[in-house]
Amino acid sequence: MRGLNKVTLIGNIGKDPDIQLLDNAIKVAKVTLATTETYRDINGQVQSCTDWHNLVLWRGLAELAEKYLRKGSMVYVEGK
């Protein structure tokens with residue numbers, strides 16, 4: 001097998017998307033996504049761990065992000 005480069009994330013947007021317009025009228029959206037894992041430790045106490053992910057969305061996805069995503073929005077993301 002050559003390898004696998006796939007990610008699936010479910011989380012909340014950390015802040016409104018940062019939209020940029022490149023020279024050729026190509027939109028790019030930069031978004032931060034928080035994913036939180038909740039578990040019980042060895043003592044039975046509930047613990048949570050939040051990881052932050054930086055996403056870059058191009059063209060059509062950037063336009064959708066600009067239109068629909070806001071801070072706190074829950075999203076499901078698949079990509080590489």
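The preceding data block contains the structure.
All values reported here derive from a predicted model rather than from experimental measurement.

1. Considerations on the side chain of T35
Piece 1. Looking at where T35 falls in the secondary structure, it is placed in strand β3 (residues 27-40).
Piece 2. There is a polar contact of 2.8 Å between the side chain of T35 and the side chain of H53.
Piece 3. Among residues more than four places away in sequence, those in contact with T35 are L9, I10, G11, C49, T50, D51 and H53.

2. Here we look at the pattern of salt bridges
Piece 1. This model, assessed by the stated rule, comprises one salt bridge.
Piece 2. Between E66 and K27 there is a salt bridge; the shortest N-O distance is 2.5 Å. Of this pair, E66 sits in helix α1 (residues 59-68) while K27 is found in strand β3, placing the two residues 39 residues apart along the sequence.

Conventions used here
Residues numbered from 1 in each chain as written. Predicted model: local features only at pLDDT ≥ 70, side-chain atom pairs only at ≥ 80, totals over all residues. Heavy atoms only, no water. Helix = DSSP H or I, 4+ residues; strand = E, 2+ residues; numbered from the N terminus. Polar contact = N/O pair within 3.5 Å; in protein donor to acceptor, adjacent residues only side chain to side chain. Contact = heavy atoms within 4.5 Å. Salt bridge = Lys/Arg side-chain N within 4 Å of Asp/Glu carboxyl O.

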